[in-house]
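Structural overview for review
Chain by chain, the residues:
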Amino acid sequence: MEQYLRDHIGKPPSWNKQTKMKTVVLLACLIGYVLSETCTSSHTECQHTSCDSTSELHCVDGFCTCTVATNMACTTVKECQALTDWNCPQNRRHCIDNVCRCTRF
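Below, the structure is looked at part by part. (Residues numbered from 1 in each chain as written. Predicted model: local features only at pLDDT ≥ 70, side-chain atom pairs only at ≥ 80, totals over all residues. Heavy atoms only, no water.)

1. What about the pattern of salt bridges?
In total, this model carries 1 salt bridge according to the counting rule given. A salt bridge links arginine 101 to glutamate 56, with the shortest nitrogen-to-oxygen separation between them at 3.2 Å. Taken as a pair, arginine 101 in strand β4 (residues 99–103) and glutamate 56 in strand β1 (residues 56–60) lie far apart in primary sequence, 45 residues in all. By relative accessible area, arginine 101 is classed as buried at 6%. (Salt bridge = Lys/Arg side-chain N within 4 Å of Asp/Glu carboxyl O. Helix = DSSP H or I, 4+ residues; strand = E, 2+ residues; numbered from the N terminus. Buried < 20%, exposed > 50% of the residue type's maximum accessible area, 1.4 Å probe, protein only.)

Written out as structure tokens, the structure is:
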């Protein structure tokens with residue numbers, strides 16, 4: 001019987017190192033998403049998220065996050081995205097309280 005199973009079903013698939021690493025990274029991202037603190041409109045809803053002394057707490061896209069303030073004024077996010085001398089990726093740029101800010105996620 002055992003030989004029959006080996007011949008017709010084969011060995012169960014083995015997990016190589018790359019598959020294990022992908023699984024760990026995916027699981028870590030899932031845990032981070034589940035545990036992230038959400039908000040609807042104001043950082044005052046954020047009770048468990050804290051920022052270091054170089055950043056401020058804000059509610060961005062429904063999540064509590066820390067942002068780094070700049071000295072660049074804005075009225076729209078397009079103004080922040082148009083800046084060329086700023087070391088902040090485009091997808092992390094926001095205009096909050098009329099100041100361009102870079103989120104940390």
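2. Topic: the sheet that holds β1
Strand order in the open sheet formed by 4 strands is β1-β2-β4-β3, with antiparallel pairing between adjacent strands. Two strands in the sheet have a free side with no partner beyond their single neighbour: β1 and β3 (93–96). Sheet twist, expressed as the mean angle between neighbouring strand axes with direction ignored, is 50°. Pairing analysis gives 4 bridges linking strand β2 (residues 63–73) to β4, with the strands arranged antiparallel. Each residue of the ladder has a partner; that of threonine 67, found in β4, is threonine 103. (Pairing = 2+ DSSP bridges. Axes fitted to C-alpha atoms, helices over the stretch in contact; angles between N-to-C directions.)

3. Let's talk about the nonpolar core
Across soluble globular proteins, nonpolar side chains show a tendency to be buried alongside one another. One finds Met72, Cys74, Cys80, Trp86, Cys88, Cys100 and Cys102 forming the largest nonpolar core, which totals 7 residues. Non-local contacts of methionine 72, meaning those with residues more than four positions away in its chain, are made with Leu83, Trp86, Asn98, Val99 and Cys100. Ranked by size, the runner-up nonpolar core spans 5 residues in total, among them Cys39, Cys46, Leu57 and Cys59. (Core = buried A, V, L, I, M, F, W, Y, C linked by side-chain atoms within 4.5 Å. Contact = heavy atoms within 4.5 Å.)

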